[in-house]
Amino acid sequence: MSKERTRTRQPRQSEGVRAFKRGLDVLQEVNRSGGIRAGDVARALDLPRPTVYRLLETLEELGYVARSASDDRFRVTRLALSLGDGYDPGVVICQAAAPYLAELSKTLVWPVDLSTYENAAMVVQETTHSRSPLSIDRGMIGKRLPMLRTSAGRAYLAACPARERDLIVNHLRRIDEADDRPFLDQGRLDRMITETQARGYAIRSEGEYNPKTASIAVPIVRNGVVYGCISIIWIRSALSIEEAMAQFVSQLQETAAAIPVET
């Protein structure tokens, strides 16, 4: 009986290992090329095109590659690049920022989040929501925030390199969420990027994403790399955007500049 089970199990295991190896080979080829079309990957690895397309779609869904709408080339993302260094930048920045956010919570009573970019969304890595008596949200760790309708996403898009921003925006266009469509209008998107870059921080003040709250976000940038964003969230009826900017921006910027980041 055990021998029969072993014989029936082994082919499935071999197929799994082979599929896993092919996926790694495809990811390695995309990384090596710096930008490559699916057909070229298939030729380079001598694999059937349908297999390569399926593997690339899976890698894209997992956030390891992104396809450019302009030239249809696949490129690796920061998530894939982090594998080579043996650590997750999100974890590193979270550990570095936690004491700074705790200190910030003593002066800013409204809740503050630290989020990092991951596969077309900002993911909350650290938060003071549990410490804030004014928070209306709980369980924020791990929550995915939309790029175009939150201050964190807007701050990241405005601060990241143009090439990375184009990849993210093209990814969002392919995902095509109904709520994102008005914000993907090119003129509106360009204005948001220009205004955010001029200010040095992003705002969400018109009830988008959550009609009850507004927010301001400041990027954590070192040598042109955006490691994450710090956001403060408040109830819209309690403060105007002008009052919030006057009270919060300088402290958020000072904290973002003080967080130690390995570069």
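Cut-off values and rules
- Residues numbered from 1 in each chain as written.
- Predicted model: local features only at pLDDT ≥ 70, side-chain atom pairs only at ≥ 80, totals over all residues.
- Heavy atoms only, no water.
- Pairing = 2+ DSSP bridges.
- Helix = DSSP H or I, 4+ residues; strand = E, 2+ residues; numbered from the N terminus.
- Axes fitted to C-alpha atoms, helices over the stretch in contact; angles between N-to-C directions.
- Salt bridge = Lys/Arg side-chain N within 4 Å of Asp/Glu carboxyl O.
- Buried < 20%, exposed > 50% of the residue type's maximum accessible area, 1.4 Å probe, protein only.
- Parallel < 35°, antiparallel > 145°, perpendicular 65-115°, else oblique.
- Contact = heavy atoms within 4.5 Å.
- Nonpolar A, V, L, I, M, F, W, Y, C, P; charged D, E, K, R; others polar.
- Expected span 1.5 Å × (residues − 1).
- Arc of directions from axis to C-beta.
- Phe/Tyr/Trp six-rings, centres within 6.5 Å; stacked < 30°, edge-to-face > 60°.
- Lys NZ or Arg CZ within 6 Å of the ring centre and 35° of its normal.

As recorded by an unreviewed UniProt entry, the chain carries the name DNA-binding transcriptional regulator and is attributed to Bradyrhizobium guangzhouense.

Some points on the sheet that holds strand 5 (residues 144-146)
What the six strands build is an open sheet, ordered 5-4-3-8-7-6; its pairing is antiparallel. The strands lining the two open edges of the sheet, one partner per strand, are strand 5 and strand 6 (202-204). The average undirected angle you get between the axes of adjacent strands in this sheet is 30 degrees. In this structure, strand 3 (residues 112-117) lies alongside strand 4 (residues 121-127), joined through five bridges in antiparallel fashion.

A few points about the pattern of salt bridges
Scanning the entire structure with this criterion turns up 10 salt bridges. Taking the shortest distance from any N to any O, the salt bridge between Lys-21 and Asp-25 comes out at 2.8 Å. Residue Lys-21 and its partner Asp-25 are located together in helix 1 (residues 2-33), separated by four residues, close to a single helical turn. We classify Lys-21 as exposed; its relative accessible area is 51%. A single network of salt bridges, built from pairs that share partners, joins Arg-149, Glu-177 and Asp-180.

With respect to the packing of helix 6 (residues 151-159) against helix 7 (residues 162-175)
Helix 7 packs onto helix 6 with a crossing angle of 135 degrees between their chain directions and a minimal axis gap of 8 Å. Compared by their axis directions, helix 6 and helix 7 come out oblique. When helix 6 is examined against helix 7, the residues Tyr-156, Leu-157 and Ala-158 are found in contact with a partner set consisting of Glu-164, Arg-165, Ile-168 and Val-169. Across the contact of helix 6 with helix 7, the residue classes tally to five nonpolar, no polar and two charged.

Considerations on helix 8 (residues 186-199)
Taking 1.5 Å per residue as the helical rise, helix 8 with its 14 residues ought to reach 20 Å, and the 20 Å between its terminal C-alpha atoms agrees with that figure. When helix 8 is considered as a whole, its buried residues turn out to be Leu-189, Met-192, Ile-193 and Thr-196. Along helix 8, the residues classed as buried sweep out an arc of 95 degrees about the axis, all on the same side. Across from the buried face of helix 8, at angles greater than 90 degrees, the exposed residues are Thr-194 and Ala-198. Where helix 8 is buried, its residues touch helix 6, helix 7 and strand 6. Backbone geometry just after helix 8 places Gly-200 at a positive phi near 90 degrees.

Let's talk about the environment of Gln-125
Mapped onto the secondary structure, Gln-125 falls in strand 4. In this structure the C-alpha to C-alpha distance between Gln-125 and Asp-113, which are 12 residues apart in sequence, comes to 7.6 Å.

Let's talk about unusual backbone geometry
One non-glycine residue with positive phi stands out, namely Tyr-209, at about 70 degrees. Tracing the chain through its elements places Tyr-209 in the loop between strand 6 and strand 7 (213-222). Unlike most non-glycine residues, Asn-223 shows phi in positive territory, near 55 degrees. Taking relative accessible area as the criterion, Asn-223 reaches 71% and is therefore assigned exposed.

Re the packing of aromatic side chains
Tallying each qualifying case throughout the model produces two aromatic pairs. An angle of 20 degrees between the planes, with centres 5.2 Å apart, marks the rings of Tyr-117 and Tyr-156 as stacked. With Tyr-117 in strand 3 and Tyr-156 in helix 6, this residue pair connects regions lying 39 residues apart in the sequence. A relative accessible area of 1% means that Tyr-156 is categorised as buried. Relative to Phe-248, the ring of Trp-234 has its centre 5.8 Å away and its plane inclined at 55 degrees; by these criteria the two rings are tilted. Of this pair, Trp-234 sits in strand 8 (residues 225-235) while Phe-248 sits in helix 9 (residues 241-258); the two residues are 14 residues apart in sequence, bridging distant segments of the chain. Of the residues examined, Trp-234 reaches a relative accessible area of 1% and is grouped as buried. Using a relative accessible area of 3% as the deciding quantity, one classes Phe-248 as buried. Lying over the aromatic face of Tyr-201, Arg-199 brings its terminal NZ or CZ to 5.6 Å of the ring centre.

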